[in-house]
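Structural overview for review
The chain contents come next:
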Amino acid sequence: MGNPAVYAEKLNPGEDDEMSITGYRFSFPKTILTCFAVLLSGGTLLILMSWKPSIRIKMTHSLCPFKQAEKVVLIDMYNQQYVEKVVRPEISTTSPTQTIYFYNKKIKYIWQQDFLHFVKLGGLDVESCEHVHSLARGLSSTEALLRLQLYGKNSILVEVKPIFKLIFQEIGSPFYMYQIFIVIVWMVQVYYQFSVCVVLLSTISITATVWETRKQSKALRNAVHSHSEVTVLRDGYEIQKSSHELVPGDVIFLPQHQCVMECDAILLSGTCVVSESMLTGESTPITKVPIAQDSNHPYSPLSNKRSTIFCGTEILHSCSSESSAVKALVYRTGFSTAKGELVRSILFPKPVQYKLYSELFKSMIIFLVLGIPAMVYTAIIWSHHGASAKNVVILVVDVATFVVPPLLPAVMTSINAHGQRRLRTHDIFCLNSGHINFAGGLDVVCFDKTGTLTEDNLDLAGIIPIQDVRFQHPFTPGSSHSLPSTLIHALATCHSLTVVDGRLMGYPVDIKMFNVVAWELEEPKADYHCSFERLPARIVRPKKKEAAFLRMSGMPVTDIAIVRQFPFESLLQRMSVITCKEGSDNFELYIKGAPEMVSSFCDSNTIPENFLDVLELYTRQGFRVLALGYRSLEPNITWDEIFRKPRDDLECNLKLVGLLVLQNKLKPESQPSLRILKKANIRTVMVTGDNLLTAISVARDCGMVDEEDSVISVEAELLKHGDSKSPRIRVNYSHVKLPGFSEKLAVGKNGIIEDACIPLVQHSPYHLAMDGKTFNLIKKYDQVLLQKVVHKGTIFARMLPEQKLHLIEVLQLQGHQVGMCGDGANDCGALKTAHAGVSLSVAEASVASPFTAKKQNIECIPTLIREGRATLAATFGAFRYMVCYCFILLSAVLILFWDGEKPSDGAYVLIDIILNLLPPIVFGGTAAYPYLVKKLPTRSILSFVMQFSMISYILLQIGVLIFARYFLLMQPWFEPTVYNKETTLHPPPSHMACTIISVNMMSYIIAAVIFAPGPPYRKHFFSNKTILRIFSSVFTQDILLSYYKIKMYPLFLYKQYLNIKCENMI
């Protein structure tokens, strides 16, 4: 057999997709033994092997070294198991690209003989940014062919599974396997009516599921499929190739017109403007610049994001100041690209532990165990009556069909469909109806800030110049002409704007900033005549009216060339440009970004003493502040050196020239929606990439933090010790004083609160606020403290996309059911990880979120939770009803067994189809309650309240059935049944069967009323007209059956169909 640990290794060690891998090869003896085991188990083992393929591999294969493996078993960090086939090249093949490999989650893993293990096949292997430029000559046809064999076609093909595979996949689930079992049992008893009904409803349910799965797969396939003709540099010539034939290392030429990028590529020359809405949901155009020729800077798509054009992005415009076209180097293809990663995250999402489904499976097992005593009782009592062994077996197996509701999947599908339909009326669209239940259990909702709580666009509130190391009087946009020339030049050049079809495109902040100075932007063509040493990509100059005013003011008026650009990076929190004035050989650098970041690059002698006080003054009022810096470069530097110099050597010894104050207005729907959530005791959390004080101010303005609440800022720093093996962090807590906030804490020096003081505020409302750096340090070095700060944390600022995801995971580990609402920009990971992610973006990235809201504001969140609570309450109500139906009917049948009787097929049809099926199916039709209440709905079907309500009702109804039996026995007209062995399965009519079945039917009507939940999660029972009609008709039927049978109905109806004895029962 071998020890699995000997043959197991780690795949992708240290990465997010780390997995353990074990090799297996086919074993003929084990396969023969497994075949015998399958026969002896009656196929049960085969079902288990279909549920867990790893069991099948272990029972038919033997452990072996990886080099000999025919199959590999992979187990990821979430304990998900995958079985993959290892492909080996033909012996006659001598190509170096033909190697041992397998695919997992659409990624190819190849065997490395030197290291004797499998490695992921990623993108092009480049050492540094300078190395990228050395590959600009392209590939030969032979090299391209070999790489095509290694990397495969450049396509993102989403497989749409055949219908028969999806059907067998659905049928293989435990519930449907149980339904197959009960249908077989019932058909043996010729109980074809309900068998046909179960088969019909299961077919409808499976068909709906398969149709929805196929529809989603086709929609995803159509959304991600793309193909075009690309100009490629092969063998030194420009040729047209299909995008499917692109391989890493190819050099491609980007057209000037709009097109879609078919791969991840590194920009070698020229610039281009792209829209990355497909990947991030952000529709703002982004400028891409060529990769720097820096031998000391290693290349990575993350750190060189502004030089990497990702697959799936739309190229809006491309241009080059030279006569040659815009060139790019293909870095990754297929599913290894950014677009491929997004598609893979949709196809293979991180598993979220949904307690509802796991508890349903546990309940199924519990009910089967509880049915064992009933089966034993049935065997004993019918053997005592003298029934044949065949009939005893049939009746015992029949009892096993009572203990699990056979139509539960169909009922849940119907309830979810009702919820999905109601959500559509509120312009909320659901990709997976199963998530509606989870939205009903939310107790924490996280919100992005910009574009979600606040408006997307920022308004320019003012500009604060710095002269003589002192802040000057703030200027409004209307008085920008009075600004110093250095600050005007910074506003006119430090941006990533471009001109497309005569219109400025870029970040809204850049457009507002550029419009303030009343300058114009031009992108010169190759035949443009200028006095610069080289033709720049962009030139800015004052408009005629502004130029005239500047001349009158004595300021120089000249064209300024934007020579080199370092676009904004969220990781770096800054952007910068290098410029040159017309007629001058000197270069100047302008920088713009987060004040904390920009000031760190500035000479301390140029920073005003009150810099932090002024910055805090604006940020605490909710303004967003950007700092602007300037530096004149060395006089002897050349144009070539400008492009070769590393960024770090340029961005140093700067002079701080001013602050840009921006205002981000709240959306009008934010405050009322958050107030609704707060009244319902649903915790709200802000997760943003903005400044901490700005985030705190917005949290106060929108009502996330009340004015009387305290806000404590948490700041962690890493302590440097000689022993690096045991790093520690120091955490400081400071009370944030904002306008309108009460002063409730005794604050020490510099606003610092020691750890010992924190318990003093635990009896008064307080919130913790921290930035991404602090969150990351605490997460890495103090897991105990992490749980505490997340438990009380309300504001998380400067958070990177992966940190947002980690915050959601920590909240989930604390037992919270977490929702996430974002506009799609940098929120995709968190939206997918949350129990209920709501995207406010209509871009393609919203396909990764379970819910998408058409209205771009958060008023959809209370609506979603209300509808989710209504659906969850209906689901649990239907579950309780169906469980009570099963066990009450089982009790009634066991009572009849005592007298050698059983219900007729007609009675079963009436109970199973009318009383069992219709009420729970229409439970979901009751509308949601119009208000959210503080009390959370029950989220566990195994909770005490749920179990007590079912058990107490079942016991009460059993008592009623027993009382009815003894009451009947005391009647003088009662005629006991004489048992006949020949009519065991089809007994004659009797008074006992009529009494027990009638009382039993009344218990279902009562149960439907009791377990049909109303306020505070759904409207009242009587608002559902459909269920009222059903109950009225059934109640009338039962009353007539019990008291007016002979007078109101033909006697033969009961004798022939319901098989009950009506005579003398008035």
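Look above for the structure.
Let me sum up the structure you'll find in this document. (Residues numbered from 1 in each chain as written. Predicted model: local features only at pLDDT ≥ 70, side-chain atom pairs only at ≥ 80, totals over all residues. Heavy atoms only, no water.)

**A closer look at unusual backbone geometry**
Rule in force here: Starting at the N terminus, helices and strands are each numbered in turn, a helix being any DSSP run of H or I of at least four residues and a strand any DSSP run of E of at least two. Relative accessibility thresholds used throughout: buried, under 20% of the residue-type maximum; exposed, over 50%; partly exposed, between the two (1.4 Å probe, protein chains only).
The residue after Pro1015, namely Pro1016, is reached through a cis peptide bond having omega 15 degrees. When you line up the elements, Pro1016 lands in the loop between α33 (991-1011) and α34 (1025-1043). Unlike most non-glycine residues, Asp427 shows phi in positive territory, near 65 degrees. Following the sequence through the fold, Asp427 ends up in the loop between α14 (408-425) and β19 (428-430). Its relative accessible area of 24% is what places Asp427 among the partly exposed residues. Within the chain, Ala518 stands out as a residue other than glycine whose phi angle is a positive 60 degrees. By the element assignment, Ala518 lies in the loop between α17 (508-516) and β25 (519-522).

**Some details on the environment of Asp905**
Heads up, the rule is: A contact between two residues is defined here by any heavy atoms of the two lying within 4.5 Å.
Relative to the helices and strands, Asp905 is located in helix α30 (residues 905-915). In this structure the C-alpha to C-alpha distance between Asp905 and Phe194, which are 711 residues apart in sequence, comes to 8.8 Å. Ignoring sequence-local partners within four residues, the contact set of Asp905 consists of Gln189, Val190, Tyr191, Gln193 and His986.

**Some points on the packing of aromatic side chains**
Convention followed: Here a pair means two rings of Phe, Tyr or Trp (six-membered ring of Trp) with centres within 6.5 Å. Their orientation is stacked below 30 degrees between planes, edge-to-face above 60, and tilted elsewhere. A ring is scored as having a charge over it whenever the NZ atom of a lysine or the CZ atom of an arginine sits within 6 Å of its centre and within 35 degrees of its normal.
Summed over all chains, the structure comprises 21 aromatic pairs. Seen from their ring centres, Tyr101 and Tyr103 are 5.8 Å apart, and the 85 degrees between their planes marks the pair as edge-to-face. On the basis of relative accessible area, Tyr103 is assigned to the partly exposed category, the value being 40%. An angle of 75 degrees between the planes, with centres 6.0 Å apart, marks the rings of Tyr929 and Tyr931 as edge-to-face. The class for Tyr929 is partly exposed, based on a relative accessible area of 25%. Linked through ring pairs, Phe66, Phe102, Tyr109, Trp111 and Phe118 together constitute an aromatic cluster. The aromatic ring of Tyr766 is capped on one face by Lys792, whose charged end is 4.7 Å from the ring centroid.

**Things to note about the sheet that holds strand β31 (residues 655-663)**
Let me state the cut-off plainly: Should DSSP find at least two bridges between two strands, the strands are taken to pair.
Within the open sheet, the nine strands sit side by side as β22-β21-β31-β30-β29-β28-β27-β26-β25. Their pairing is antiparallel. The open sheet has two edge strands, β22 (470-471) and β25, and neither has a second partner. As defined by bridge partners, strand β29 (residues 587-593) adjoins strand β30 (residues 623-632) across six bridges and the pair is classed as antiparallel. Pairing of Glu588 across the sheet is with Ser632, part of β30.

**Some points on α30**
With ten of its eleven residues buried, α30 lies for the most part within the structure. Within α30, burial applies to Asp905, Gly906, Ala907, Tyr908, Val909, Leu910, Ile911, Asp912, Ile913 and Leu915.

**Looking at the packing of helix α12 (residues 355-385) against helix α13 (residues 389-400)**
Using the following cut-off: Each axis is a line fitted through C-alpha atoms, taken for helices only over the stretch in contact, and angles between the N-to-C directions span 0 to 180 degrees. To sort the angles, those under 35 degrees are grouped as roughly parallel, those over 145 as roughly antiparallel, those from 65 to 115 as roughly perpendicular, and the leftovers as oblique. Left-handed describes a crossing in which the near helix is turned anticlockwise from the far one by less than a right angle; the clockwise case is right-handed. Lys, Arg, Asp and Glu make up the charged group, whereas Ala, Val, Leu, Ile, Met, Phe, Trp, Tyr, Cys and Pro make up the nonpolar group; the residues left over, Gly among them, are polar.
Direction vectors running N to C along α12 and α13 enclose 155 degrees, while the axes themselves pass 9 Å from each other. Judged by the inter-axis angle, α12 sits roughly antiparallel to α13. Viewed along their axes, α12 and α13 form a crossing whose handedness is right-handed. Across the interface between the two elements, Ala374, Met375, Thr378, Ala379, Trp382 and Ser383 of α12 pack against Val392, Leu395, Val396, Val399 and Ala400 of α13. Split into classes, the residues belonging to the contact of α12 with α13 amount to nine nonpolar, two polar and no charged.

**Section: the nonpolar core**
Rules: Here, nonpolar core refers to any group of buried Ala, Val, Leu, Ile, Met, Phe, Trp, Tyr and Cys residues whose side-chain atoms link them within 4.5 Å.
Counting 85 residues, the largest nonpolar core has Phe879 and Tyr881 as its most contacted members. The element contributing the most residues to this core is helix α29 (residues 860-898), with 21 residues. With residues up to four places along the chain from it excluded, the contact list for Tyr881 reads Leu915, Asn916, Pro919, Pro920, Phe923, Tyr1004, Ala1007, Ala1008 and Phe1011.

**Some remarks on the sheet that holds strand β6 (residues 101-104)**
Strand order across the open sheet formed by three strands is β6-β7-β8, with antiparallel pairing between neighbours. Every other strand in the sheet has two partners, leaving β6 and β8 (117-120) as the edge strands with one partner each. Averaged over neighbouring strand pairs, the angle between their axes works out to 35 degrees when direction is ignored. Across four bridges, strand β7 (residues 107-112) lies against β8 in antiparallel orientation. Across the sheet, Ile110 pairs through a bridge with Val119, a residue of β8.

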